[in-house]
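The chain contents come next:
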Amino acid sequence: MLNSLLSSIKRWRKPAPQPKARIIPRSEHSISRRDISRAALTVMKRLQEAGFEAYIVGGGVRDLLLGGHPKDFDIATDATPEDAKQLFRGSRIVGRRFRILHARIGREVIEVTTFRGHHSNGAEHEAQQSQQGMLLRDNVYGDLASDAARRDFTVNALYYTTRGFAIHDYTGGVTDIEQRQIRMIGDPATRYKEDPVRMLRALRFAAKLDFSIEEHTATPLANLAPLLRNVAPARLFDEVLKLLMGGFGERTFELLRQYQLWPQLFPDNAALLEEPAMLELARLALRNTDARIRADKHVTPAFLFAALLWPGVVVEQRRLMDQGTPAVPALAQAAQKATSSQLAHTALPKRFSLPMREIWDMQLRLPRRNGERAQRLSQHPRFRAAYDFLLLREQCGEIQPGLGTWWTDFQQADEDQRQEMVRRLQQRGGRRRRRPKAAG
Ligand code: ATP
Ligand code: MG
């Protein structure tokens, strides 16, 4: 009796548990001010001089600890977006779900986010949730500890400040970096329901960092994957670009398939893509893109989407041709169908879908090289991409090799040799005229 009275008094007097930060001092970590962009340092300094807290958080700290080069530096602060805006001329507040400040320093834009808080205490008007538990708005402000709890993965919730040069770790991120694993902060299923894109982010970071996905973080993925259908197509498109065009596309692709998220992104194509030649085509296209990114060469989603959506185009074109539609209109109709059905899942802006369709369209034109055709085709703005695509189709075994080599030779030939190549073709063609076949 007395005991329980005492313990209830103790409980009553005990303050609400505050998550404690592990503070890692300068002498015990590898981050130095020199690794940080001047713009990020300026933003941090200006906020601090105005009396606010300011930390680098997210990929900046994570990638520096791993010895890499961060893409960018994001800053977290206790200043509201409005307060912070006063400090940076030409800055803008963006976003609705999350209001953040884009602070412009020279040519660099630094994202400044205000510490997020917990969703209690009658903050309903600043936070909003859908029936599936998805966060529609999240503008409740808080302190450093609550901000850490609202980030996605422990490795993304490390804070570095030039005040004392220490790292503040509330969630065990440093240990998870050492153990090379992606671990969700809080209850993984709840956090995925709040924002299904976190499922994609888990795989993106696992692929990029070559980390494993901690067991509890991985378990709900397959079950919750269908929630991705509730995400706006434009946001999914942005995310797909980060997944596939971040330099680790092939590895990410394999993880997306392994964890059954891929069919949610490309529902009309996922099953057909498992056909061995088509799977190989996708892998080759991704490997190609990864290599080009590493070599600092130009890459375009048009080429990648051309490969990823191709299986559906081929099947539909064949179906239409079986019904008597000629090859060219059959391909055009199949292309139209594949494009418009994908738009409902991930957006695909016209500036990418038009060149993608030209790449497909040229698959029927590349075999037709008579007269001036070859010369003209080789000058088409999409020739190079279409030729690369043809090579991949031959390499993956979707079509017989041969045509690709002809075009390789043609590009290396001089004027006379080119005419000779076409002439030889015409001689052969005169003997057996062919009608255009399906692109497949
Ligand atoms: P990178 O920029 O290298 O792709 P990043 O970790 O910086 O990786 P960003 O998308 O730039 O990722 O986001 C910055 C930080 O914001 C993340 O590290 C994470 O702490 C937080 N964050 C971003 N998206 C979410 C999300 N959907 N849910 C919770 N926290 C998020
Ligand atoms: Mg970032």
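Criteria and thresholds
- Residues numbered from 1 in each chain as written.
- Chains lettered and ligands numbered in written order.
- Predicted model: local features only at pLDDT ≥ 70, side-chain atom pairs only at ≥ 80, totals over all residues.
- Heavy atoms only, no water.
- Pairing = 2+ DSSP bridges.
- Helix = DSSP H or I, 4+ residues; strand = E, 2+ residues; numbered from the N terminus.
- Near = heavy atom within 4 Å.
- Polar contact = N/O pair within 3.5 Å; in protein donor to acceptor, adjacent residues only side chain to side chain.
- Areas by Shrake-Rupley, 256 points an atom, 1.4 Å probe, with all protein chains shown as cover.
- 1 Å grid on protein atoms, 1.4 Å probe; cavity = no way out; pocket = protein on both sides within 12 Å on 5 of 7 lines; lining within 4 Å.
- Sits in = over half its atoms within 2 Å of the grid points.
- Points joined across faces, edges and corners; volume = space filled by probe spheres on them.
- Nonpolar A, V, L, I, M, F, W, Y, C, P; charged D, E, K, R; others polar.
- Phe/Tyr/Trp six-rings, centres within 6.5 Å; stacked < 30°, edge-to-face > 60°.
- Buried < 20%, exposed > 50% of the residue type's maximum accessible area, 1.4 Å probe, protein only.
- Lys NZ or Arg CZ within 6 Å of the ring centre and 35° of its normal.
- Contact = heavy atoms within 4.5 Å.
- Expected span 1.5 Å × (residues − 1).
- Arc of directions from axis to C-beta.
- Core = buried A, V, L, I, M, F, W, Y, C linked by side-chain atoms within 4.5 Å.
- Axes fitted to C-alpha atoms, helices over the stretch in contact; angles between N-to-C directions.

## Some thoughts on the pairing of strand β8 (residues 135-138)
- Across 3 bridges, strand β7 (residues 127-129) lies against β8 in antiparallel orientation. Note on β8: the bridge partner recorded for glutamine 129 is leucine 135.
- Hairpin connection of β7 to β8: 5 residues between the antiparallel strands, including glycine 133 at a positive phi of 90°.

## Brief notes about the site of ligand 1
- The immediate surroundings of ligand 1 are formed by 16 residues, with Arg62, Lys71, Asp195, Arg198 and Arg204 found nearest.
- Within the side chain of arginine 151, a nitrogen or oxygen atom sits 3.1 Å from an oxygen atom of ligand 1.
- Starting from 580 Å² of accessible surface for ligand 1 in isolation, the protein chains cover 85%.
- The cavity that encloses ligand 1 is the largest pocket.
- Top contributing element to the shell around ligand 1 by residue count: helix α8 (residues 197-209), with 5 residues.

## Quick look at the pairing of strand β5 (residues 100-105)
- Bridge analysis of strand β4 (residues 92-94) against β5 gives 3 bridges, and the strand direction is antiparallel. Considered in β5, the bridge of valine 94 is made with isoleucine 100.
- If you look at the hairpin formed by β4 and β5, you'll find 5 residues sitting between the two strands, and glycine 95 has a positive phi there, around 85°.
- Relative to strand β6 (residues 108-114), β5 runs antiparallel, the two being bridged by 5 bridges. Bridge pairing links histidine 102 to glutamate 111 in β6.
- Counting the residues between successive antiparallel strands, the hairpin from β5 to β6 contains 2 residues, one of them, glycine 106, with a positive phi of roughly 60°.

## Describing the layout of surface pockets
- Within this model, the largest pocket holds a volume of roughly 1300 Å³.
- Taken together, 41 residues line the largest pocket, and the ones lying closest to its centre are Asp74, Phe98, Glu111, Arg201 and Lys242.
- The set of elements that each furnish at least two residues to the lining of the largest pocket consists of α3 (59-65), β5, β6, α8 and α11 (233-244).
- A total of 6 residues in the lining of the largest pocket trace back to one element, the largest contributor, which is α8.
- Here the lining of the largest pocket is composed, by residue class, of 11 nonpolar, 7 polar and 23 charged.

## Things to note about the packing of aromatic side chains
- As enumerated under the stated definition, the model contains 16 aromatic pairs in all.
- Aromatic pair phenylalanine 237 and phenylalanine 305: ring centres 5.9 Å apart, planes at 50°, arrangement tilted. Here phenylalanine 237, found in helix α11, pairs with phenylalanine 305, found in helix α16 (residues 301-322); they are 68 residues apart in sequence, far enough to count as distant.
- Relative accessible area serves as the criterion here: at 5%, phenylalanine 237 is assigned to the buried category.
- Between phenylalanine 237 and phenylalanine 352, the aromatic rings sit 6.0 Å apart at their centres with planes inclined by 35°, giving tilted as the arrangement. Taken together, the positions of phenylalanine 237 in helix α11 and phenylalanine 352 in helix α18 (residues 350-365) put the pair 115 residues apart, joining distant regions of the chain.
- Classification of phenylalanine 352 as buried rests on a relative accessible area of 13%.
- Taken together, the aromatic side chains of Phe237, Phe253, Trp262, Phe266, Phe305 and Phe352 make up a single cluster linked through ring pairs.
- Taking NZ or CZ as reference, arginine 294 lies 5.6 Å from the ring centre of phenylalanine 248, over its face.
- Its end group placed over the ring of phenylalanine 410, arginine 418 keeps NZ or CZ at 4.3 Å from the ring centre.

## Focus on the environment of aspartate 195
- Within the element layout of this structure, aspartate 195 appears in the loop between α7 (188-194) and α8.
- Sequence spacing of aspartate 195 and methionine 421 is 226 residues, and the spatial spacing of their C-alpha atoms is 57 Å.
- With sequence-adjacent residues up to four places away left out, aspartate 195 is seen in contact with Arg97 and Arg235.
- In terms of polar contacts, aspartate 195 uses its side chain to reach the side chain of arginine 235, at 3.0 Å.

## Some points on helix α20 (residues 383-395)
- When the terminal C-alpha atoms of α20 are compared, their 18 Å separation across 13 residues agrees well with the 18 Å that a helix rising 1.5 Å per residue should span.
- Structurally, α20 contributes buried residues whose contacts are with α15 (276-294), α16, α18, α19 (373-378) and α21 (403-412).
- Immediately beyond the C-terminal end of α20, within one or two residues, lies glycine 397, with a positive phi of roughly 85°.

## Digging into helix α17 (residues 327-343)
- Compared with the 24 Å implied by 1.5 Å per residue over 17 residues, the 24 Å span of α17 between its first and last C-alpha is a close match.
- Within α17, burial applies to Ala327, Ala330, Leu331, Ala334, Ala335, Ala338, Thr339 and Gln342. All buried residues of α17 project into a common sector of 155° when viewed along the axis, lining one side.
- Residues of α17 that are buried make contact with α13 (262-265), α16 and α18.

## Some details on the side chain of glutamine 375
- As for its position among the elements, glutamine 375 is in helix α19.
- Side-chain polar atoms of glutamine 375 contact the side chain of arginine 418, separated by 3.4 Å.

## As for the nonpolar core
- In terms of nonpolar packing, the biggest core is built from 100 residues, with Leu47, Ile75, Leu244 and Trp360 touching the most fellow members.
- With 11 residues, the top contributor of residues to this core is α16.
- Residue contacts for leucine 244: discarding those within four places in its chain leaves Gly249, Leu256, Trp262, Leu286, Thr289, Asp290, Leu304 and Leu308.
- Grouped together as the second largest cluster of nonpolar side chains are 17 residues, Ala374, Leu403, Trp407 and Met421 included.

## Some details on the sheet that holds strand β2 (residues 54-57)
- Spatially, 8 strands are ordered β1-β10-β9-β2-β3-β6-β5-β4 in an open sheet, and the strand pairing comes out mixed. The open sheet has two edge strands with one neighbour each: β1 (22-24) and β4. Shown here is a sheet whose adjacent strand axes are inclined to one another by a mean of 35°, direction ignored.
- In the sheet, strand β9 (residues 158-160) pairs with strand β10 (residues 167-169) via 3 bridges, with the strands oriented antiparallel. Residue tyrosine 159 lies in a different strand from β10, and its bridge partner there is histidine 168.

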